[in-house]
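The lines below spell out each chain.
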Amino acid sequence: MIKASFERNAEQEIIYFRLTGHADSGPYGSDIVCAAVSAVAIGAVNGVEVLAGFEPQVKMDEENGGHLELRLPANLTLEQNKTAQIILANLHLSLESIVASYPDYVVIKK
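Keep in mind that what you see is a predicted model, and the values were worked out from it rather than measured.

### With respect to the packing of helix α1 (residues 32-52) against helix α2 (residues 78-101)
No. 1: Close contact between α1 and α2 brings their axes to 9 Å; oriented N to C, the two are set at 175°. Taken together, the axes of α1 and α2 lie roughly antiparallel to each other. Residues Val33, Ala36, Val37, Val40, Ala41, Ala44, Gly47, Val48, Leu51 and Ala52 of α1 lie in contact with α2, whose contacting residues are Gln80, Thr83, Ala84, Ile87, Leu88, Leu91, Ser94, Leu95 and Ile98.
No. 2: Of the residues contributing to the contact of α1 with α2, the split by class is 15 nonpolar, four polar and no charged.

Shown next, in the form of C-alpha cells:
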C-alpha cells in the first residue's frame, strides 16, 4: 500500500510531503495505481522546481522506488511560496482522487 502524509505549518500551508510503499495493484510495469501516484508526485516536484523557481529538499529511493519526500525551505519569497502551495494543494487533491478510486492501494494519513 502507498501511504501519503502531509505536514502543514501554523498557516495550514503544506511544507512537506512523504510517499512510501508500493501499490501492488498489478504486475510490475502494469500497476496503474503506482503509475498514477508516481506521475502526480514527480509532476509536483518538477512543478515546484520549474514553476516556483527553487530547488526543494527532495529525498527519494531511486533504486527500489517506494519512497519520495519533499520539504520546502524556510527562505522562500512570497511568490515562490504561493506557487508552491498551489502545486502542493493540487498534489493533495490528485492523491485524494486516486484514494477515492483505489482505497485498497493508497491512503493519505491524517
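Back to the write-up after that little detour.
### Things to note about the pairing of strand β1 (residues 2-8)
No. 1: Alignment of β1 against strand β5 (residues 106-108), held across three bridges, turns out to be parallel. Along β5, the bridge assignment pairs lysine 3 with valine 107.
No. 2: Alignment of β1 against strand β2 (residues 14-20), held across six bridges, turns out to be antiparallel. Looking across to β2, one finds that lysine 3 is bridged to threonine 20.
No. 3: Between β1 and the antiparallel strand that follows it, β2, lie five residues; glutamine 12 among them carries a positive phi value of about 65°.

### Here's the deal with the environment of threonine 83
No. 1: With respect to the helices and strands, threonine 83 occurs in helix α2.
No. 2: C-alpha of threonine 83 to C-alpha of leucine 51: the two residues are 32 residues apart in sequence and 7.1 Å apart in space.
No. 3: In this view, threonine 83 contacts Leu51 and Ala52; residues no more than four positions away in its chain are not counted.

### Comments concerning the sheet that holds β5
No. 1: The strand order across the open sheet built from five strands is β3-β4-β2-β1-β5, with neighbouring strands paired in mixed fashion. Of all the strands in the sheet, just β3 (57-60) and β5 have a single pairing partner and so form its edges. Direction aside, the axes of adjacent strands within the sheet are offset by 10° on average.

### Notes on unusual backbone geometry
In terms of backbone geometry, most residues other than glycine have negative phi values and most peptide bonds are trans.
No. 1: Within the chain, glutamine 12 stands out as a residue other than glycine whose phi angle is a positive 65°.
No. 2: Mapped onto the elements of the fold, glutamine 12 is located in the loop between β1 and β2.
No. 3: Using a relative accessible area of 52% as the deciding quantity, one classes glutamine 12 as exposed.
No. 4: Phi at aspartate 24 takes a positive value of approximately 55°, unusual for a residue other than glycine.
No. 5: Position of aspartate 24 among the secondary structure elements: in the loop between β2 and α1.
No. 6: For aspartate 24, a relative accessible area of 61% puts it in the exposed group.

Rules of the game
- Residues numbered from 1 in each chain as written.
- Predicted model: local features only at pLDDT ≥ 70, side-chain atom pairs only at ≥ 80, totals over all residues.
- Heavy atoms only, no water.
- Axes fitted to C-alpha atoms, helices over the stretch in contact; angles between N-to-C directions.
- Helix = DSSP H or I, 4+ residues; strand = E, 2+ residues; numbered from the N terminus.
- Parallel < 35°, antiparallel > 145°, perpendicular 65-115°, else oblique.
- Contact = heavy atoms within 4.5 Å.
- Nonpolar A, V, L, I, M, F, W, Y, C, P; charged D, E, K, R; others polar.
- Pairing = 2+ DSSP bridges.
- Buried < 20%, exposed > 50% of the residue type's maximum accessible area, 1.4 Å probe, protein only.

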